[in-house]
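Single-letter residue listing:
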Amino acid sequence: MAGGEELKLLGWWAPGVSPYVLRAQMALAVKGLSYEYLPEDRWCKSDLLIASNPVYKKVPVLIHNGKPICESLLIVEYLDDALGLPGNGKPILPADPYSRALARFWAAYANDKLFPSCAGILKTVKQEERAGKVEETLSGLRHLEAILAECSKGEVEAPFFGGDDIGFLDIALGCYLPWFEAVGRLAGLGPIVDPARTPKLAAWAERFRVAEPVKALLPGVDELEEYITKVLYPKWNIAVTSN
Ligand SMILES: N[C@@H](CCC(=O)N[C@@H](CS)C(=O)NCC(=O)O)C(=O)O
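Below you will find a few notes about this structure. (Residues numbered from 1 in each chain as written. Predicted model: local features only at pLDDT ≥ 70, side-chain atom pairs only at ≥ 80, totals over all residues. Heavy atoms only, no water.)

Right, let's get into the packing of aromatic side chains. For the structure on display, the rule yields 11 aromatic pairs. Residues Trp13 and Tyr227 carry aromatic rings whose centres are separated by 5.9 Å and whose planes lie at 55° to one another, so their mutual orientation is tilted. One end of the pair, Trp13, is in the loop between strand S1 (7-12) and helix H1 (19-31); the other, Tyr227, is in helix H9 (residues 221-235), with 214 residues separating them in the sequence. A residue is classified by how much of its surface remains accessible, and Trp13, at 40% relative accessible area, is partly exposed. Consider the rings of Phe161 and Trp204, whose centres lie 5.3 Å apart with planes at 70°: the pair is edge-to-face. Here the residue Phe161 occupies a position in the loop between helix H5 (127-151) and helix H6 (168-174), and Trp204 occupies one in helix H8 (residues 199-209), the gap between them amounting to 43 residues. Taken individually, Phe161 and Trp204 each receive the classification buried, so the pair is uniform in this respect. The structure contains a cluster of three or more aromatic residues connected by ring pairs, namely Tyr20, Phe115, Tyr176, Trp179 and Phe180. Positioned above the aromatic ring of Trp43, the side-chain terminus of Arg42 is 5.5 Å from the ring centre. (Phe/Tyr/Trp six-rings, centres within 6.5 Å; stacked < 30°, edge-to-face > 60°. Helix = DSSP H or I, 4+ residues; strand = E, 2+ residues; numbered from the N terminus. Buried < 20%, exposed > 50% of the residue type's maximum accessible area, 1.4 Å probe, protein only. Lys NZ or Arg CZ within 6 Å of the ring centre and 35° of its normal.)

In structure tokens:
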């Protein structure tokens, strides 16, 4: 609980595997806010989750002084708006309106296009469809490479999309890094964020992975692979094959 504020996060039972929950946790960590983590189970959702997110019944949901906020990107923005008090870390969103709009655009792109394409690599079985998903993913990463180059146009290269500090787009994209790695391994593709194809993005990923305070939240890729194959493959009706 932060300075009289009550914060609860409805999250996932398996830590780190939901990029959306991870995103909310990263934002809370960057803000230095403490909160109560309430794990949810897909097969047995709590009354609190159903009451808090009656439309989608999905996590994460942040509950701030009893008021629920749904959708991971909105939670990140909300933390900045509602709890951007002095002492609660630096702002996550850029101050400049145009930079804010750009950060929001690319965060939505990562959410709606890039990650579904990447997860789609594992969900598609037909060779041709899978190759299409791989190309969509790599093309998305090339876009982000260009954006990162744009953010780092100054004389000294900025370490993050947010400049010297982790910002909105860093969190929006960084929560997918374990997934990119796991998908690359499971699909036998090698690194998806590959220094040979997208060198700036690969260097950013390396910096982000070890950055405080997000590094402690990132799951091990072995654990994530196990979750994908044991929990998600059956849900997606995918037979486990040895790669
Ligand atoms: N667009 C949502 C996606 C949230 C989402 O898909 N959450 C998954 C966990 S990874 C969930 O709650 N799944 C439960 C279900 O589908 O019933 C966000 O960004 O918060």
